[in-house]
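The lines below spell out each chain.
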Amino acid sequence: MLIPERSRDALLPHLVSFATGALLGAALLALLPHALDSGAGAHGIGVALVSGIIAFFVLEKLVLWRHCHEPDCAVHSRAAPLILFGDAFHNFVDGVVIAAAFLTATPLGVVTAFAVIAHEIPQEVGDFGILLDSGYGRGKALLLNTLSSLATLPGGVAAYLWLDRVREAVPFILAASAASFIYIATADLIPALHRQVAARASVRQLALLLAGIATIAVFHPGG
């Protein structure tokens, strides 16, 4: 969080590229296969997946889910408290996602947590920059960013206690979790990557995206 602004701006595109691959890999190689293998039925899982994508679209329209990794994106016009609220809500949902994955299988929980962390690093760095631009001091911005990140814990605990009693809901939560990863990767991160059109940058992005997918495949080899 204390990285100089120039270094932070140079590092973020690389982190975003890797996070894109990690999110897609976790969704398509881990979460969805586990949901489909649960016996809940492919149609029901498909409905949960589509419903999740639509829900996240609506949340983004309500400015609760919108992510930003660019210094001049529209999110910067929001008030800092709304940014923190949206980030806390997103982190709470991340806790639910991780809990559902661990309840299904420990390896699935590990790769899901890894994908969440891979995405949260550039997200939190971006939010930190927004708070600094909004006039917050470094200490206060770091404190507020940390507090919003802690929302993952109550999300995880609440989901674990509830889903442990309602196991039949877990496959549908996994499908909705996959929807969140796919939506973030395709609606937010990939469009941001396309802003860099230079051949060298594109090759580097592709390499890091594939590295993110490969990392998930290594830690979660076919279930």
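Residues numbered from 1 in each chain as written. Predicted model: local features only at pLDDT ≥ 70, side-chain atom pairs only at ≥ 80, totals over all residues. Heavy atoms only, no water.

(A) Summary view of the overall build of the chain. For the chain, the helix and strand inventory stands at 8 helices and 0 strands. By residue count, 46% of the 223 residues in the chain fall in the buried class. Within the chain, contacts between residues separated by at least 24 positions form 81% of all contacts whose residues are at least 6 apart in sequence. (Helix = DSSP H or I, 4+ residues; strand = E, 2+ residues; numbered from the N terminus. Buried < 20%, exposed > 50% of the residue type's maximum accessible area, 1.4 Å probe, protein only. Contact = heavy atoms within 4.5 Å.)

(B) Expanded view of the layout of surface pockets. A volume near 230 Å³ is recorded for the second largest pocket. Breaking the lining of the second largest pocket down by element, the ones donating at least two residues are helix 3 (80-104), helix 4 (106-133) and helix 5 (138-149). Top element by residues in the lining of the second largest pocket is helix 4. It accounts for 5 residues. Broken down by class, the residue content of the lining of the second largest pocket amounts to 6 nonpolar, 5 polar and 3 charged. (1 Å grid on protein atoms, 1.4 Å probe; cavity = no way out; pocket = protein on both sides within 12 Å on 5 of 7 lines; lining within 4 Å. Points joined across faces, edges and corners; volume = space filled by probe spheres on them. Nonpolar A, V, L, I, M, F, W, Y, C, P; charged D, E, K, R; others polar.)

(C) View of the packing of aromatic side chains. Evaluated as defined, the whole model comprises 2 aromatic pairs. Aromatic pair Phe18 and Phe114: ring centres 6.1 Å apart, planes at 80 degrees, arrangement edge-to-face. Taken together, the residues span a long stretch of sequence, with Phe18 in helix 1 (residues 5-37) and Phe114 in helix 4 at a distance of 96 residues. (Phe/Tyr/Trp six-rings, centres within 6.5 Å; stacked < 30°, edge-to-face > 60°.)

(D) Broad picture of the side chain of Thr215. Here Thr215 lies in helix 8 (residues 199-219). A relative accessible area of 18% means that Thr215 is categorised as buried. Apart from the residues within four sequence positions on either side, Thr215 is in contact with Phe18 and Phe114.

(E) How the structure looks around the environment of Asn145. Mapped onto the elements, Asn145 comes out in helix 5. For Asn145, a relative accessible area of 2% corresponds to the buried category. Taking the C-alpha atoms as reference points, Asn145 and Asp87, separated by 58 residues in sequence, lie 8.5 Å from one another.

(F) Structural detail: the nonpolar core. Formed by 45 residues in total, the largest nonpolar core has its most connected members in Leu23, Leu31, Leu108, Leu163, Leu174 and Phe181. Mapped by element, the contributors of at least two residues to this core are helix 1, helix 2 (42-61), helix 3, helix 4, helix 6 (152-163) and helix 7 (170-193). The element best represented in this core is helix 7, accounting for 12 residues. (Core = buried A, V, L, I, M, F, W, Y, C linked by side-chain atoms within 4.5 Å.)

(G) Spotlight on a nonpolar patch on the surface. Together, Val50, Ile54, Phe57, Val58 and Leu62 make up a nonpolar patch on the protein surface, roughly 460 Å² of accessible area in all. Summarising the element assignment, Val50 is placed in helix 2. (Patch = residues over 30% accessible without salt bridge, like charges linked within 9 Å, V, L, I, M, F, W, Y side chains within 5 Å. Areas by Shrake-Rupley, 256 points an atom, 1.4 Å probe, with all protein chains shown as cover. Salt bridge = Lys/Arg side-chain N within 4 Å of Asp/Glu carboxyl O.)

(H) Quick look at the packing of helix 2 against helix 7. At a minimum axis separation of 8 Å, helix 2 and helix 7 run at an interaxial angle of 45 degrees. With respect to helix 7, the axis of helix 2 lies oblique. You can see that helix 2 and helix 7 cross each other, and the crossing is right-handed. Seen from helix 2, the contacting residues are Gly44, Ile45, Ala48, Leu49, Gly52, Ile53, Phe56, Phe57 and Glu60; seen from helix 7, they are Pro171, Phe172, Ala175, Ala176, Ala178, Ala179, Ser180, Ile182 and Tyr183. Counted by class, the contact of helix 2 with helix 7 contains 14 nonpolar, 3 polar and 1 charged residues. (Axes fitted to C-alpha atoms, helices over the stretch in contact; angles between N-to-C directions. Parallel < 35°, antiparallel > 145°, perpendicular 65-115°, else oblique. Left-handed = near helix turned anticlockwise from the far one by under 90°.)

(I) Molecular detail of the environment of Leu36. Tracing the backbone through its elements, the reader meets Leu36 in helix 1. Sequence separation between Leu36 and Ala175 is 139 residues, and the spatial gap between their C-alpha atoms is 8.6 Å. In this view, Leu36 contacts Ala42 and Ile45; residues no more than four positions away in its chain are not counted.

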